[in-house]
Amino acid sequence: MGKASVIILTGYGINCDVETGWAFEMAGADRIERVHVNRVINGEVDLEDFNIMVFPGGFSFGDHIASGKVLGLKIKKEMGDKIDKFISDRKLVLGICNGFQVLVKMGVLPGRRDGVFGRQVATLTMNDSAKYEDRWVTIKANADNKSPFLEGIESFKVAVRHGEGKFVAQSYSLRDIRSSNLIAFQYVDKDGDSTKNYPENPNGSDLAIAGMTNYHGNVLGMMPHPEVYINKTQHPEWTREEGLQDTGEGLKLFLNAVKHARENL
Amino acid sequence: MVFRVEVALRKDVKDPEGIIWQKRIAGDLNITDVSEVRVVKTYLVDFNDIEKDQVKSFAHDVLADPVIETFEIGTALVDNFSFDWIVDTGFLPGVTDNEGKTAQWGLSLFCDKKQNDHDKVFSGRKYLISGNIEKSQIEMIASKLLVNPLIQRYAVYNSKEWFETGKKSDFIPRVKVESTPVVETIRLDIGDNDLVELSKNKILALSLEEMKVVRDHFRQKEVLEKRKEKGFPSKPTDCELEVIAQTWSEHCKHKIFAADIHYVDDTTGREMDIRSLYKTYIKKVTYELKEKKPWIKSVFDDNAGIIQIDEDTLLSMKVETHNSPSALDPYGGALTGIVGVNRDIMGCGIGSKPIFNTDVFCFASPYYSGQLPGSNLMHPSRILRGVHRGVKDGGNESGIPVVNGSIFFDNRFIGKPLVFCGTGGLMPLMINGKESHLKKAVKGDLIIMAGGRVGKDGIHGATFSSEELHEGSPVTAVQIGDAIVQKRMLDFILEIRDKGLFNAITDNGAGGLSSSIGEMARDTGGAVINLEKVPLKYEGLQPWEIFISEAQERMTLSVPSGNIDEIEAIAKIHEVEVSVVGEFTDSGYLEIYYKEMKTALLDMEFLHDGNPRYKLEAVWEQKEVEPIDIPVYESLNPAMLDMISRVNIASKEDWVRQYDHEVQGRSAGKPFCGAEHDGPSDAGVLRVSPFKKLAVVVSHGIKPSFSDIDCYWMTASVIDEAVRNAVCVGADPDFMSGLDNFCWPDPVYDEEKNPDGKHKLAQLVRSNMALYDFCRYYEIPLISGKDSMKNDYGSGKNKISIPPTLLFTLISRMEDVEKMVSMDFKKSGDVIYLTGETLNEIGGSEYGIYNGLHAEGFVPKVDAGKFKKSYKAIHKAIDMKLINSAHDLSDGGLGVAVAESAFSGMLGAKIDLREVAVGDDVKRDDIILFSESNGRILLSVSPENEKEFVSVMKGTVYRRIGEVTESGYLKVTGLKDTSVVNLSIAELKKKWKSFMSGMN
């Protein structure tokens, strides 16, 4: 069996890199490195040495101009070929919050059926409330999306922390995203149905999209933060809910990634 | 060539920001005829060697979102929109423009241009406003809402004017300073009046006595000889005076806390002489506790206090105020406040990593409807919104969660809002085999400035905050931070720290390089500085301006010369600018040059210890307690609903939820708890890491309204409140450290300008007495603190002084985070207990103020011996997992606490006021329900744990007062066995949540 080697990109205002590392540590990854993007660009660190790459949450470039846009420009321009190779090799890429924004704005999500970088056909824009908010929501995984990240995940509560999380796509792309089962997670209401209603849907996303994958399922982007629900005490109701497991439900995603990397990459 | 790029959401896309502005125009300015607002982002590209096609491609690929936005080069974009008015806005020259900086950076990368000093992008906003409104209304919308004229310019056009003139006008806010650097000398051989005038004109904020000491210093033979030997002019230079003024400012030297005070208690006739409040009370209590609390690692001589929380972890904390800047530009002031205190943590010990922020604000009511007392003042709702946005952006963009805070409203904060920003940080106990709380610059080390560049921003900030605000306050005091530049710097510093590449570090805050280098040079006894090496934002700064500028995002490091190359290489990775600006020496002097110009030669000893000590008078007169006059009502339902929605009690969820409170993954006790995630938690709890059970608890107490009666008991009360809050969640009462932040009105007597100065100083003395007394009783060392002493607006008769305010912040510890308790009721059938005694203490309380009282009635006191025993018992019960919920009784007393616990748990409650332990003179239901007596905690306990709970609590005052119910109602039985409150939880909650929401 192979090893799960995780590279977590840092720099320019990325700020969830440490706790994302903790999540992989708890999930048992064999190697975890937090690496400044410039060290990948200048060749000091080789992406080839890893099989899981994370674009963590944060505020790259302060969300100026548009969230994820300028970091996306830099990454695509200066290490686009390396990313292309990594994703073409079907290695795993996870973008959380700002990382999801970067992936969408670089055109990696939804991307292309026959390649990696596509045009930007979707966006993540200002929440309908026009506010940045930190709140817990319930998301449901799309059972028809066969991404290795999602194996065995149904629905769970998790924090969203963003001001620009409203997923919008051109209508033909949206149809394709749905019909090709690229939707990974949707915001759901009390009954478990996807919803447009605030605050269950915290931003007004089209199709209540909270996360999506590329066509091959090896790239997952999501607005919610599974990395900060890896143990019970991170849940807002842990002092009153008796049935909570010691480990948080967000951990499953990281366990899946580690397992898949070990077995297949 | 300058190109204009304009970007907007497509016409068919909803503009959420525009909708918010429309709402604010209606809500704040009462202008209801606006039918639509749309926002256009503008970028003025001022680059050398760039083609229109390149700008167009950049706009297409980067500036405009292809899915929802549209753009044009030039001004044609708005032709596609309908509007009646355009408000075109942009920053004034020299104001930090973060969006513009990012656009410039992106465009350079986009067209493979090297970053250079000339190329700039200036960002702005255009607001397209539709509706039947007058020009005067548009002017008001622009100047009162859309821009702050201190930092932004704007132009207003109706649609006709727009097409005639507006389209053609372009204002490029490039800084143009026509001046060559010179060093001037200043004559001090002048009369007393002229010295005073000189201090005032140069904004030195030095008193006559201080000016005389400076004058005499430069007359001394040894000083003159040394200057001659070094080739310096005999008269002091502008830079020297500025450095002395900055170093001796109230902000940096804490002259009032260091003063000799003669204190007279007119009531008892007692007199005493106090040599320094700081030494007599604050330092003393900490030193007395040091032996008992071996975990105190570093107090009083670093940027922050440092304690040890387990075998290999240090925790540091600091709280700062940023009041004056926040009054002028609420957003920039608060933003620099938060990122500034983050730097204190980055620069404490050998460098800590910030892991949480706290924020506490004091404002006038956002619903204030009177006349503003000065034309340069902003409406409190605007200050609240701006400060909130500044703290939000500063914390969120830096990736540091806000875990604890509050907002206190009192209309006496109309002239000076208070903005307290705190930060806690972690570092390993040892780094590279060295104790990380220690650091020392070494002779021969190079002085490195890292981070942002220097501009005129923030010049005279340190001296300015020591002055009352007036109409002519300088706008250079306003600055805006860049959280991302700072985040890059933090990543860089942690990396070079772990590699052991520097010997000492401190931040550039008040006083800039003057303060940071001046302080570090004390380690070696001198420094040589070459100011021309300091990178500038733009040309034209005078040498003295470079040295005292408070431009943000900078740290100063002391680096062995052999490590420079490695530091520069790592800095390049992080895109952090580092410059060698001098060297630490042991010459005994601070020697400053600008190229060959001799800029300053200052004796270190004189600079740091030469300032004369103030001699101040304090007179205390204990007022008679005035009786309270409140009508008696049969039903307290109306009072209960009014109390729960009072501005100081109502939920601030809408505001707090906009702070990231979970980033970094440590949050275990969040600001919100309960069944619907909206219960107001008593304290923030952070798990040190997911692999440890150890947690840090952060709480605070603040109660300016008690100061109207006696600052001694105000202080005792806020200490007790902070302790109570921490005890509620499960903190260990034996492991608590405090931070004291004083914000006072000017306590220096002046017959004309400050006739009640002696009383205000007496209030300060009494506050310090209580600080000493109660920190000693509770065994809380004071690890850090700060004072801000001139919180007044105007002078003489028209002066508006803030109520004396002490923020007491507490950091404590719990060994097992899984034992944490939240404030929400958990299960119907649980038994409700109230600990402590309820006394006739309505003075300064919310219920008193609600009834129109001001300083009448008894102020709540603290019986520390009794309370401590009770807290220890509660801690034990929590440790034994006997308690299901615990909630502190503070603003609004028992009534508010029980309602909050009930609706946070979405459960009902019934309590009986006859069961409450009360003082002999307490005979009224409303007093029991709303008294703010200290030392009380509301608990709920499972019936099966009651027996054990009772045995743990033995020897303390506690009563079983009711039970948690399924009913969805809060039912209170009064002293006469009648129902005095019977309200639905849903109604209470709705009231509580509605008051402060929808404003931001």
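Note that the structure is predicted; figures quoted are calculated from it, not measured.

Each value, and the rule that gives it
- Residues numbered from 1 in each chain as written.
- Chains lettered and ligands numbered in written order.
- Predicted model: local features only at pLDDT ≥ 70, side-chain atom pairs only at ≥ 80, totals over all residues.
- Heavy atoms only, no water.
- Helix = DSSP H or I, 4+ residues; strand = E, 2+ residues; numbered from the N terminus.
- Rg over C-alpha atoms; globule rule 2.2 N^0.38 Å.
- Buried < 20%, exposed > 50% of the residue type's maximum accessible area, 1.4 Å probe, protein only.
- Contact = heavy atoms within 4.5 Å.
- Lys, Arg positive; Asp, Glu negative; His and termini not counted.
- Charge placed at Lys NZ, Arg CZ, Asp CG, Glu CD.
- Areas by Shrake-Rupley, 256 points an atom, 1.4 Å probe, with all protein chains shown as cover.
- Pairing = 2+ DSSP bridges.
- Axes fitted to C-alpha atoms, helices over the stretch in contact; angles between N-to-C directions.
- Left-handed = near helix turned anticlockwise from the far one by under 90°.
- Nonpolar A, V, L, I, M, F, W, Y, C, P; charged D, E, K, R; others polar.
- Buried area = accessible area lost by both parts, 1.4 Å probe.
- Salt bridge = Lys/Arg side-chain N within 4 Å of Asp/Glu carboxyl O.
- Core = buried A, V, L, I, M, F, W, Y, C linked by side-chain atoms within 4.5 Å.
- Expected span 1.5 Å × (residues − 1).
- Bend = angle between axes of the 7 residues up to and from the residue.
- Polar contact = N/O pair within 3.5 Å; in protein donor to acceptor, adjacent residues only side chain to side chain.
- Phe/Tyr/Trp six-rings, centres within 6.5 Å; stacked < 30°, edge-to-face > 60°.
- Lys NZ or Arg CZ within 6 Å of the ring centre and 35° of its normal.
- pLDDT = per-residue confidence, 0-100.

Broken down by element type, chain A carries 6 helices and 11 strands. What you see for chain A is a C-alpha radius of gyration of 17 Å, in line with the 18 Å of a compact globule of 265 residues. Across its three principal directions, the C-alpha atoms of chain A cover 50 × 40 × 35 Å. In chain A, which comprises 265 residues, the share counted as buried stands at 68%. Taking the intrachain contacts of chain A between residues at least 6 apart in sequence as the baseline, contacts between residues at least 24 apart amount to 77%. Distance from the positive charge centre (32 side chains) to the negative charge centre (35 side chains) of chain A: 4 Å.

Let us look at the overall build of chain B. In terms of regular secondary structure, chain B is built from 31 helices and 41 strands. Relative to the compact-globule value of 30 Å for 1000 residues, chain B shows a C-alpha radius of gyration of 29 Å, a close match. Looking at chain B as a whole, 66% of its 1000 residues qualify as buried. In chain B, once contacts between residues fewer than 6 apart in sequence are set aside, the share between residues at least 24 apart is 82%. Carbon and sulfur atoms make up 48% of the accessible area of chain B, which totals about 34800 Å². Computing the positive centroid from 121 side-chain charges and the negative centroid from 151, chain B places the two 1 Å apart.

Residues and elements named next belong to chain B. In spatial order, the strands read β18-β20-β17-β21-β19-β22-β23; together these 7 strands make up an open sheet with mixed pairing. Strand pairing shows two members of the sheet lacking a second neighbour, β18 (504–507) and β23 (597–603), which therefore form its edges. Taking each pair of neighbouring strands and ignoring which way they run, the sheet shows an average axis angle of 20 degrees. Here strand β17 (residues 446–451) runs beside strand β20 (residues 554–559); their pairing, made up of 6 bridges, is antiparallel. Looking at β20, one finds that Ile447 is bridged to Ser558.

This part is about the sheet that holds strand β1 (residues 2–9) of chain B. Residue and element names in this part refer to chain B. Spatially, 6 strands are ordered β3-β1-β2-β5-β4-β6 in an open sheet, and the strand pairing comes out antiparallel. Lying at the two open borders of the sheet, with one neighbouring strand each, are β3 (69–73) and β6 (152–158). Direction aside, the axes of adjacent strands within the sheet are offset by 20 degrees on average. Sheet topology places strand β2 (residues 34–46) next to strand β5 (residues 120–131); 12 bridges connect them, and they run antiparallel. By the bridge assignment, Val45 is partnered in β5 with Val121.

What follows is about the packing of helix α17 (residues 483–498) of chain B against helix α20 (residues 564–574) of chain B. All names here are of chain B. The interhelical angle for the contact between α17 and α20, taken along N-to-C directions, is 145 degrees, at an axis separation of 9 Å. With respect to the hand of their crossing, α17 and α20 are arranged in right-handed fashion. Facing α17, whose interface residues are Arg488, Asp491, Phe492, Glu495 and Ile496, α20 presents Ile567, Ile570, Ala571 and His574. Across the contact of α17 with α20, the residue classes tally to 5 nonpolar, 1 polar and 3 charged.

Opposite the 73 residues of chain B that make contact, chain A presents 62 residues. Buried area between chain B and chain A, summed over both chains or domains, comes out near 5600 Å², and the portion from carbon and sulfur atoms is 58%. Our count for the chain B to chain A interface comes out at 7 salt bridges. With 8 residues, the single largest contributor to the side of chain B that touches chain A is helix α3 (residues 98–110) of chain B.

Residues and elements named next belong to chain B. For the structure shown, the criterion picks out 91 salt bridges over all chains. With its nearest N and O atoms 2.8 Å apart, the salt bridge here joins Lys167 to Asp79. One end of the pair, Lys167, is in the loop between α5 (159–164) and α6 (192–201); the other, Asp79, is in the loop between β3 and β4 (85–91), with 88 residues separating them in the sequence. Between Lys284 and Glu288 there is a salt bridge, with its nearest N and O atoms 3.8 Å apart.

A separate point is the nonpolar core. Membership of the largest hydrophobic core comes to 190 residues, with the highest contact counts inside it found for Phe55, Phe167 and Phe185 of chain A together with Phe808 and Ile883 of chain B. A total of 13 residues in this core trace back to one element, the largest contributor, which is helix α24 (residues 711–729) of chain B. Core analysis: the second largest hydrophobic core is formed by 47 residues, Ile186, Leu241, Ala441 and Met520 of chain B among them.

Time to look at helix α14 (residues 330–346) of chain B. Residues separated by three or four positions in an α-helix point in the same direction, a consequence of the helix having 3.6 residues per turn. For α14 of chain B, with 17 residues, the first-to-last C-alpha span of 24 Å sits near the 24 Å given by 1.5 Å per residue. With 17 of its 17 residues buried, α14 of chain B lies for the most part within the structure.

Residues and elements named next belong to chain B. Residues of strand β19 (residues 527–530) alternate between two faces, with Ala527 and Ile529 buried on one and Val528 and Asn530 left unburied on the opposite face. Strand direction decides the pairing type here: β19 and strand β21 (residues 578–584), joined by 3 bridges, are antiparallel. Bridge pairing in β21 places Ile529 opposite Gly582. One ladder, built from 4 bridges, connects β19 with strand β22 (residues 589–594); its direction is parallel. From the neighbouring strand, Asn530 faces β22, where its bridge partner is Tyr593.

All names here are of chain A. The end-to-end C-alpha separation of helix α3 (residues 69–88) is 22 Å, well short of the 28 Å expected for 20 residues at 1.5 Å each. Along α3, the largest kink reaches about 85 degrees and is centred on Met79. What α3 keeps buried is the set Lys69, Val70, Leu71, Gly72, Leu73, Lys74, Ile75, Met79, Gly80, Ile83, Phe86 and Ile87.

A word on the side chain of Glu227 of chain A. Residues and elements named next belong to chain A. Position of Glu227 relative to the elements: it lies in the loop between β11 (219–222) and α6 (251–264). A distance of 2.7 Å separates polar atoms of two side chains, one belonging to Glu227 and the other to His225. When residues no more than four places from it in sequence are discounted, the contact partners of Glu227 are Cys16, Glu19, Thr20, Ala23, Ile96 and Phe254.

For the coordinates displayed, the defined rule picks out 33 aromatic pairs over all chains. The interplanar angle of 15 degrees and the centroid separation of 5.0 Å between the aromatic rings of Tyr12 of chain A and Phe61 of chain A together place this pair among those described as stacked. Residue Tyr12 of chain A is located in the loop between β1 (5–10) and α1 (17–26), and its partner Phe61 of chain A is located in the loop between β3 (52–55) and α3; the two are separated by 49 residues in the primary sequence. These aromatic residues form a ring-pair network of at least three members: Tyr712, Trp713, Phe774 and Tyr777 of chain B. Geometry around Trp21 of chain B places Arg24 of chain B over its ring, the cationic atom sitting 5.1 Å from the centre. Across the ring face of Tyr749 of chain B, the terminal group of Lys758 of chain B is positioned such that the distance to the ring centre comes to 4.5 Å.

Residues and elements named next belong to chain A. In this structure, the amide linkage connecting Leu109 to the following residue, Pro110, adopts the cis form with an omega of -5 degrees. Mapped onto the elements of the fold, Pro110 is located in the loop between α4 (98–105) and β5 (122–125). Along the chain, Tyr198 connects to Pro199 via a cis peptide bond; the corresponding omega equals 0 degrees. Within the secondary structure, Pro199 is located in the loop between β9 (183–187) and β10 (209–213). Its identity as a non-glycine residue notwithstanding, Asn181 has a phi of 55 degrees, on the positive side. Assignment of secondary structure puts Asn181 in the loop between α5 (171–179) and β9.

Residue and element names in this part refer to chain A. Counted residue by residue, strand β6 (residues 133–141) has 7 buried out of 9 residues, so it is predominantly covered. As paired strands, β6 and strand β7 (residues 155–162) are joined by 8 bridges and run antiparallel to one another. Paired with Asp134 across the bridge in β7 is Arg161. Note: β6 against β9, 3 bridges, orientation antiparallel. In the strand pairing of β9, Ala141 is matched with Phe185.

All names here are of chain B. Among the structural elements, Asp682 can be located in the loop between β27 (679–680) and β28 (684–687). Although Asp682 is buried, it makes no salt bridge; Arg724 carries the closest opposite charge, 8.1 Å away. A distance of 2.9 Å separates the side chain of Asp682 from the side chain of His887, its partner in a polar contact. The contact partners of Asp682, leaving out residues within four places of it in the chain, are Asn404, Ser699, Asn725, Cys728, Met823, Ala886, His887 and Asp888.

Looking now at the confidence of the model for chain B. Taken over all residues, the pLDDT of chain B has a mean of 93, while the share at 70 or more is 98%. Below pLDDT 50 for its whole length, residues 470–475 of chain B participates in 10 contacts with residues either more than four positions away or in separate chains.

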